[in-house]
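Inside the fold
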Amino acid sequence: MIHRHRPFLLRPRSGALALAGLLALAAATAASAPGSPEAAPPPPRPAPALPAAPPAWMHRAWTVRDRAPRFVQSLAQDRDGFLWVGSVEGLFRFDGTTFQPVAPPPGHPRAATAVSALAAAPDGAVWLGYAGGGGMAVYRHGHIEDAGKPGDASEITRIVIGPDGEPWIGAGDGDHAVYRHTPTGWQAVAPAMLDASEGEPQFTSAQGELWFNTWNSGLFRGRPGPGPFRAQPWPVGRSSGSALVQTADSSLYLIDRSGLRAISATRPGPAQRVIVPATALPPANFYRAVADPFGRIWATTYLSGVVAIWPQSGAVERISESDGLTSDRASPILADRDGNVWIGTERGLDRFSPTPLRSLAQVGAPAPTGLVATALGARAYLGNGRTVFALDPGQAPRRLATLDDFVMGLCAGANGDVWALEHNRAVALAGPHRGQAAPLPRSVVEMFDCAVAPDGTLWVSGSGLGLIRRTATGWAPLPIDSPLGAPRSLAFDNQGRLVMILGRRGLARLERGKLTIWDGRQIGFERPGSLTVRANDVLVGGTTGLLRLTDKGMQVLDVADHPWLFDTRGIIATGNGTTWLLGYRGLSRVATAALDGAFAAPRRPIPHTTFDDDDRRIALPQPGAGEQMVADGGGRVLALTRSGVLEALPWSSPLPEAPYRLFVRALEANGNEIAASGAPVLPVGTTQVTIRYGVLDLATPSQRRFRVRLSGLDETWAGNGTAQDISYANLAPGAYRFEVQTTDRQGAWQPQGAALAFTIRAAFWQTTWFRLAVAAVILVLARALYLQRTRVLLARARAKREGQVAERERIARELHDTLLQGVQGLILRFQAVATRASLDPATRAELDAVLERGDDVVAAARDRVIDLRAQSAAAVDLGQALAPLATQGCADTQPPPVVLRITGKPRQVAAGVAEECLAVAQEAVENARRHASAQTITVALHFGPCDLILRISDDGVGFAGAPCGAEGHFGLVGMRERAGRLRARIDIRNGAQGGAVVQLRVPGRTAYRA
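Please read these numbers as outputs of a predicted model, since none were measured by experiment. (Residues numbered from 1 in each chain as written. Predicted model: local features only at pLDDT ≥ 70, side-chain atom pairs only at ≥ 80, totals over all residues. Heavy atoms only, no water.)

What follows is about the side chain of T578. Looking at the element boundaries, T578 is found in strand β51 (residues 578-583). A relative accessible area of 15% means that T578 is categorised as buried. With residues up to four places along the chain from it excluded, the contact list for T578 reads I572, A573, R589, V590 and T592. (Helix = DSSP H or I, 4+ residues; strand = E, 2+ residues; numbered from the N terminus. Buried < 20%, exposed > 50% of the residue type's maximum accessible area, 1.4 Å probe, protein only. Contact = heavy atoms within 4.5 Å.)

Written out as structure tokens, the structure reads:
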């Protein structure tokens, strides 16, 4: 472990030379991301004019808790904008959020993983050098490969890309030499002075010259060409542990233990002038330095943290662990294309970004009662503890007054009055009432707010006070009877009306004694928190967004569409067309015209810039009421936070926003992570996937919002907040396409996104052919079951039929052996009586008739017996079976005629059904002949599509009562039983025109046979 750290600790001379940090080099060097196609390098940016003063900076750090590597030794930014980090733990690629490790090339020595030097080439390659004898490697097109070992170098201390795009390296720790890469391999550079003085390449200047630094031998420069390289000495006096840096205006500076000196870029010689003496710099082992695009020089010391120097004035700012730096042991340093300065330390990675914000330290830390502020004209006022400060444009705070008690409120009026509130009185600090004190009606524990009316009247609200106003005779209360609570925030609009927030639950406006109240729940704007009066409206910030109150009504920008407006507690518009908003998501800057236009299209994104908790100085807003943001006449904005006062300057970066790059990192399924390249095919049984994606943004990655869509599952875009992964469950086999889009740094959705297509392989039981096969098998099985069921039913029907036949045969035998034999014996005896000579002719005639009738009965019985023994047909013609009824009659009476009528389309009727119908008809006709005294009997048979209807009617006397049958007679009962067996409906009643009607309705599915 100590050997891997030798460039930092054991051999300070071999690591003591400065790392190139020029803006020109940052614009020229780049590398391709894994899997990305070749792209032309971005055009070089013109060197900006250096500002009169440097911007402030904000700090963000990554440590092992953020999965950052430790013992960072080298840094580089590639063509696409990725930050490459070399450490003793190996190589990492950083996109602003995630550190992605990159494994060494195959066969690389396991003990030589420390990446001691990095450089990015214009062709997209990233060159890396290893300590511990690991030699060189190059990363191209998503793959890393070995690039050989220059000479006997056990450690690569520096890599610089030359004008031709090829790397130049410095090798140390044993073999001190400079090498250049050629198409044939590594070539040692000839000048012996570079080797003897442990020279290293520093950077390629904007003029195409390579600069070298040495240990105690000054500087060298040369222009590479086709022949031998010639290095020109550039004496600067004795120097050790130095770093050479070139600013955007091509000025050269040398920083070493003698201080910061300006160096001539046109003629060699001693340093021209000392910008910063050594006594103003922190102790250093050696320096590495870069210049940011604004002309400020940043240098690491390895012993005492970082130093930032403004050469124009010689101002020096020291940054150490006490200021949040991850470690004072800082060495590698890089200025990226966005103007950020990156510093690697033993404990992680630090970023310093240009910002218009800085802490106003002169006011001090907030007192227990918090900070208060107001503004009048071009002057701002701040209160902290017992002190009130006045701030004029461009000036530092000056002490205006020291009160007897804590300042709990400040307010100013158009008449020039500036009032300060203590817990028991109001004191005028400026204006017509200056020096006056107005005791309050009672001592106040919590002061809410105060405001000065256009006529100079002071209004105050506080706990236990309610709303009061100062009069010539004292204080006059204004009772407000509202369940929403007491007034908290107060402000007079441009028409002199008092606007109030009631208990953070609603709004109120007092106009000429008339009070108008709006309940926040009813207007869809809950928990209002701040008031800002503008020329034509009042802006109200709250938990759910931003509300604009005008004479025409209210308009709301909802936090669901604009998350950065969450719980806005302070709003201020400056004279340069900018509006600042302070809320729980940070401090936001937006063009006033864009904010006003947003109310006409409230769901459209609003271009804005948010400074959030990436900067540790941006703390949460204060919880109290009152003005939380004020501005002076010079465009400076002061924001009150729980940690102190933030000063927002009228500055914005002149650098164009670097193009973002959205990408899909990986896809995870079944516990395995799959590279997001090509179109992955997931194994059978996959139902849940997690997709990780990201955006290349080294400046503001935390402010990016994402929306996603999975074709085949989602119809529209689904917001995913700032999360950079999403999981899907219960996915069916098939092809999917995942898409993701992000917002730019101003919050607008960008159409250019990233996509990943993947396929979930189907198991054989999930394929179409398998489903068709299963359907076919089911159909075959269903048919087999149907046939089997049919066979079973047929067998049951045969068994039943056989049982019926056996029963019919038994009944036939019984009829033949008993009834017929008995009737035949009676007939024979009657014949014997009829042949007696003693009978008179009339009696004999009656006996003959009876005997004839008996013969008919016996014949009918024999026919019945024969029918019982015969095998019935499956279907019969029921009309033909009913025809004999029309000719039958009683022998002992005059038979009424029987008329048979058949309607509908005749169809074959099941034998069993026909038998029952015929029996019903015979019984009904016989009853009509015997009992109805009818003149005509009608038998009507109708073959309907759904029913078979048999109707027997007569024109006789009908039923005397209910048709239930006489005692001992079972004709009607038998008819009903036969109908029940057929599941038919039978109706026995008197006819509408007289007589009796018997109607049998048999369902078609029972009666008919196809």
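Overall, antiparallel pairing links the 4 strands, which are arranged β22-β23-β24-β25 in an open sheet. The two strands at the open ends of the sheet, each matched to only one other strand, are β22 (288-291) and β25 (315-319). In this sheet, neighbouring strand axes are inclined to one another by 20° on average, regardless of whether the strands run parallel or antiparallel. Strand direction decides the pairing type here: β22 and strand β23 (residues 297-300), joined by 4 bridges, are antiparallel. Its bridge partner being in β23, R288 is matched across the sheet by T300. (Pairing = 2+ DSSP bridges. Axes fitted to C-alpha atoms, helices over the stretch in contact; angles between N-to-C directions.)

All right, on to a nonpolar patch on the surface then. On the surface, a nonpolar cluster with roughly 480 Å² of combined accessible area is contributed by V684, F764, W765 and W769. For V684, the position within the fold is in the loop between β59 (681-682) and β60 (689-696). (Patch = residues over 30% accessible without salt bridge, like charges linked within 9 Å, V, L, I, M, F, W, Y side chains within 5 Å. Areas by Shrake-Rupley, 256 points an atom, 1.4 Å probe, with all protein chains shown as cover. Salt bridge = Lys/Arg side-chain N within 4 Å of Asp/Glu carboxyl O.)

On to the nonpolar core, then. Core analysis: the largest hydrophobic core is formed by 34 residues, its most contacted members being L948, L950 and V1002. Sorting the residues of this core by element identifies α7 (878-882), β68 (909-910), α8 (911-931), β69 (937-943), β70 (947-954), α9 (971-981) and β72 (996-1003) as the ones contributing at least two each. In contact with L948, other than residues within four places in its own chain, are L878, V909, C917, L941, H942, F943, L1000, R1001, V1002, A1007 and Y1008. One finds L75, A76, L91 and I144 within the second-largest nonpolar core, a separate group that totals 28 residues. (Core = buried A, V, L, I, M, F, W, Y, C linked by side-chain atoms within 4.5 Å.)

Position of D256 relative to the elements: it lies in strand β19 (residues 252-256). Classification of D256 as buried rests on a relative accessible area of 1%. One polar contact links the side chain of D256 to the main-chain amide nitrogen of S258, over a distance of 2.8 Å. At a separation of 2.6 Å, a polar atom in the side chain of D256 contacts the side chain of R261. (Polar contact = N/O pair within 3.5 Å; in protein donor to acceptor, adjacent residues only side chain to side chain.)

Looking now at the packing of aromatic side chains. Applying the stated rule across the entire model yields 25 aromatic pairs. When the centroid spacing of 5.6 Å and the interplanar angle of 10° are considered together, the rings of F286 and Y302 count as stacked. Of this pair, F286 sits in the loop between β21 (273-277) and β22 while Y302 sits in the loop between β23 and β24 (306-310); the two residues are 16 residues apart in sequence, bridging distant segments of the chain. You'll find F286 and Y302 in the same group, each marked buried. Ring centres of W459 and F492 lie 6.1 Å apart, and the angle between their planes is 65°; this geometry places the pair in the edge-to-face category. With W459 in strand β39 (residues 458-462) and F492 in strand β42 (residues 487-492), this residue pair connects regions lying 33 residues apart in the sequence. Neither W459 nor F492 differs from the other in exposure class; each is buried. Put simply, the rings of W62, F94, F99 and W342 pair up and form one aromatic cluster. (Phe/Tyr/Trp six-rings, centres within 6.5 Å; stacked < 30°, edge-to-face > 60°.)

Moving on to the sheet that holds strand β54 (residues 629-631). Taking strand neighbours across the sheet as the criterion, the 4 strands line up as β29-β56-β55-β54 in an open arrangement whose pairing is antiparallel. Since the sheet does not close on itself, it has two edges, and those belong to β29 (357-359) and β54, each with one partner. For this sheet, the mean inter-axis angle between neighbouring strands, taken without regard to orientation, is 25°. For β29 and strand β56 (residues 644-648), the ladder comprises 3 bridges, and the chain directions are antiparallel. Its bridge partner lying in β56, R358 is registered against E647.

Attention shifts here to the UniProt feature "transmembrane region" (unreviewed entry) in the chain. Mapped onto this numbering, the UniProt entry gives "transmembrane region" (unreviewed entry) at residues 768-786. In the segment residues 768-786, helix accounts for 100% and strand for 0%; the C-alpha atoms at its two ends are 27 Å apart. (UniProt positions renumbered as here; feature names shortened; annotations may be inferred.)

Looking now at the pattern of salt bridges. Opposite charge on two side chains makes pairing possible when the charged atoms of those side chains draw close. Summed over all chains, the structure comprises 34 salt bridges. With a shortest N-O distance of 2.8 Å, R930 and E926 are connected by a salt bridge. Here R930 and its partner E926 are both found in helix α8, 4 residues apart, which amounts to about one turn of the helix. Relative accessible area serves as the criterion here: at 25%, E926 is assigned to the partly exposed category.

The subject of this paragraph is the environment of A114. By secondary structure assignment, the location of A114 is in the loop between β5 (99-102) and β6 (115-120). With 43 residues separating them along the chain, A114 and F71 place their C-alpha atoms 9.2 Å apart.

Below, the discussion takes up unusual backbone geometry. Even without a glycine there, the phi angle at H141 is positive, about 50°. Its place among the elements puts H141 in the loop between β8 (136-140) and β9 (143-148). Positive phi values are uncommon outside glycine, yet S933 reaches one of about 50°. Here S933 shows up in the loop between α8 and β69.

What follows concerns α9. Among the residues of α9, those classed as buried are G971, L972, G974, M975 and A979. What you see down the axis of α9 is that its buried residues fit within an arc of 160°, all on one side. Against the buried residues of α9 lie α8, β71 (985-990) and β72. Positive phi shows up at R983, right after α9, with a value of about 55°. (Arc of directions from axis to C-beta.)

Glancing now at the packing of α8 against α9. For the pair α8 and α9, the least separation of the axes is 10 Å and the interaxial angle reads 160°. Between α8 and α9, the crossing angle belongs to the class labelled roughly antiparallel. As for how α8 packs across α9, the hand of that crossing is left-handed. Side by side, α8 and α9 meet where E916, A919, V920, E923, A924 and N927 of the first sit next to G971, L972, M975, R978 and R981 of the second. Each residue belonging to the contact of α8 with α9 can be placed in one class, and the counts come to 5 nonpolar, 2 polar and 4 charged. (Parallel < 35°, antiparallel > 145°, perpendicular 65-115°, else oblique. Left-handed = near helix turned anticlockwise from the far one by under 90°. Nonpolar A, V, L, I, M, F, W, Y, C, P; charged D, E, K, R; others polar.)

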